[in-house]
Amino acid sequence: MKTDPESFIRANTSLMAPPHVPEIRLHLASEAHELWLKTEEELEEIGLPPPLWAFAWAGGQGLARYILNHPETVAGKTVLDFASGSGLVAIAAKRAGASQVLAVDIDPWAGTAIRLNAVENGVALDFNGDDIIGRTVDADVILAGDVFYDRDFAAGVVPWLRGLAGEGRLVLVGDPGRAYLPKDHLEAQATYQVPVTRALEDSEVKKTTVWRFLAG
């Protein structure tokens, strides 16, 4: 890497609590535009992929809130947090009593952010940086926040998550109404009004639903 991820994260983020999950503190961009609005050339210059890990997205906040409000969902179970980003949902699962939590994200910068955030919250998380879409997973519960924002990405994720649900695993997703949410395969569990950063979203509050994937 052109830039040391840990040094960069510490220098360009602040420890703060996502507004909908005040129990958890994360290394987040204090002003979204400072990182998010960098051009592709500027990001390439420092060797930084789009810093999705630097923000508490609405879907992740809603899903983390649900897990903390309903700890029985994960208590004593093995959990996989897919496209983990900052690790918010993974940390919530561990806080709620999951026996083991694996955070998965293909961005190596996310791996560093997750490690730092786990330490800050006093939890132990495992991390996997592989592309696991389509693979069999060894987890009782699969969690995914805000993963239906891209057509091609959703096209691979949806059948995979449906298949995991069909194997009898609990698959929960948090989503604020992204374009490629497969509502016909989902059952709503809870809805929240989640404060978000206007620089990233089109409003200051996003109606966010936690959905359960139906088998089949």
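Calculation rules
- Residues numbered from 1 in each chain as written.
- Predicted model: local features only at pLDDT ≥ 70, side-chain atom pairs only at ≥ 80, totals over all residues.
- Heavy atoms only, no water.
- Helix = DSSP H or I, 4+ residues; strand = E, 2+ residues; numbered from the N terminus.
- Rg over C-alpha atoms; globule rule 2.2 N^0.38 Å.
- Contact = heavy atoms within 4.5 Å.
- Areas by Shrake-Rupley, 256 points an atom, 1.4 Å probe, with all protein chains shown as cover.
- Lys, Arg positive; Asp, Glu negative; His and termini not counted.
- Charge placed at Lys NZ, Arg CZ, Asp CG, Glu CD.
- Core = buried A, V, L, I, M, F, W, Y, C linked by side-chain atoms within 4.5 Å.
- Buried < 20%, exposed > 50% of the residue type's maximum accessible area, 1.4 Å probe, protein only.
- Pairing = 2+ DSSP bridges.
- Right-handed = clockwise from strand over helix to strand, strands pointing away.
- Expected span 1.5 Å × (residues − 1).
- Axes fitted to C-alpha atoms, helices over the stretch in contact; angles between N-to-C directions.
- Left-handed = near helix turned anticlockwise from the far one by under 90°.
- Nonpolar A, V, L, I, M, F, W, Y, C, P; charged D, E, K, R; others polar.
- Salt bridge = Lys/Arg side-chain N within 4 Å of Asp/Glu carboxyl O.

Caption draft 1: Just the overall build of the protein chain, in detail. A tally of helices and strands in the protein chain yields seven helices and nine strands. Radius of gyration (C-alpha) of the protein chain: 16 Å, near the 17 Å computed for a compact globule of 216 residues. If one aligns the C-alpha atoms of the protein chain with their principal axes, the spans along those axes are about 45 × 35 × 30 Å. Restricting to contacts in the protein chain with at least 6 residues of sequence separation, those with at least 24 account for 67%. Summed over its atoms, the accessible surface of the protein chain is roughly 9,700 Å², and 48% of this surface lies on carbon and sulfur atoms. Across the protein chain, the centroid of the 19 positively charged side chains sits 6 Å from that of the 30 negatively charged ones.

Caption draft 2: Structural view of the side chain of D107. Along the chain, D107 falls in the loop between β4 (100-104) and α6 (108-120). Aside from chain neighbours lying at most four places away, what touches D107 is P49, P50, W53 and F127.

Caption draft 3: Geometry of the nonpolar core. Ranked by internal contacts, the top residues of the largest apolar core, which has 35 residues, are I67, V79, L125 and L143. I132, V137, F148 and A154 belong to the second largest nonpolar core, which has 23 residues in total.

Caption draft 4: Main features of the pairing of β4. The pairing of strand β3 (residues 78-82) with β4 spans five bridges and is classified as parallel. Bridge pairing links L80 to L102 in β4. Regarding topology, helix α5 (residues 88-95) serves as the crossover connection from β3 to the parallel β4, and that connection is right-handed. Both β4 and strand β5 (residues 126-128) contribute to a ladder of three bridges, which runs parallel.

Caption draft 5: Molecular detail of the side chain of H27. Looking at where H27 falls in the secondary structure, it is placed in strand β2 (residues 26-28). With relative accessibility at 7%, the residue H27 sits in the buried group.

Caption draft 6: Seen up close, helix α4 (residues 58-69). The end-to-end C-alpha distance of α4 is 16 Å, a good match for the 16 Å that 12 residues give at a rise of 1.5 Å each. Along α4, 10 of the 12 residues are buried, which leaves the element largely enclosed by surrounding structure. A58, G59, G60, Q61, G62, L63, A64, R65, Y66 and I67 are the residues of α4 that are buried. In the core, the buried residues of α4 are packed alongside α5, β6 (141-145), β7 (170-175), β8 (186-195) and β9 (205-213).

Caption draft 7: The sheet that holds β8, seen in detail. One open sheet holds the seven strands; their spatial order is β5-β4-β3-β6-β7-β9-β8, and the pairing between them is mixed. Looking at strand neighbours, the two that pair on one side only are β5 and β8, the edges of this open sheet. Strand-to-strand twist of the sheet, defined as the mean angle between neighbouring strand axes without regard to direction, takes the value 20°. Here α4 sits on the sheet in contact with β6, β7, β8 and β9, set at roughly 110° to β8.

Caption draft 8: Region of the structure containing the packing of helix α1 (residues 5-12) against α6. Across the interface, α1 lies against α6 with an axial gap of 9 Å and an inter-helix angle of 65°. Regarding α1 and α6, the two cross each other, and that crossing is right-handed. Seen from α1, the contacting residues are P5, E6, F8, I9 and R10; seen from α6, they are W109, T112, A113, R115 and L116. Class assignment for the residues of the contact of α1 with α6 results in six nonpolar, one polar and three charged.

Caption draft 9: Quick look at the pattern of salt bridges. Counted by the stated rule, this structure contains seven salt bridges. For the salt bridge of R10 with E6, the shortest nitrogen-to-oxygen distance reads 3.2 Å. With R10 and E6 both in helix α1 and four residues apart, this pair spans about one turn of that helix. Under the relative-accessibility criterion, R10 is labelled partly exposed at 48%. Across the salt bridge formed by R135 and D130, the nearest N and O atoms sit 3.9 Å from each other. Looking at R135, the relative accessible area reads 43%, which means it is partly exposed. The network of salt bridges with shared partners includes E6, R10 and R115.

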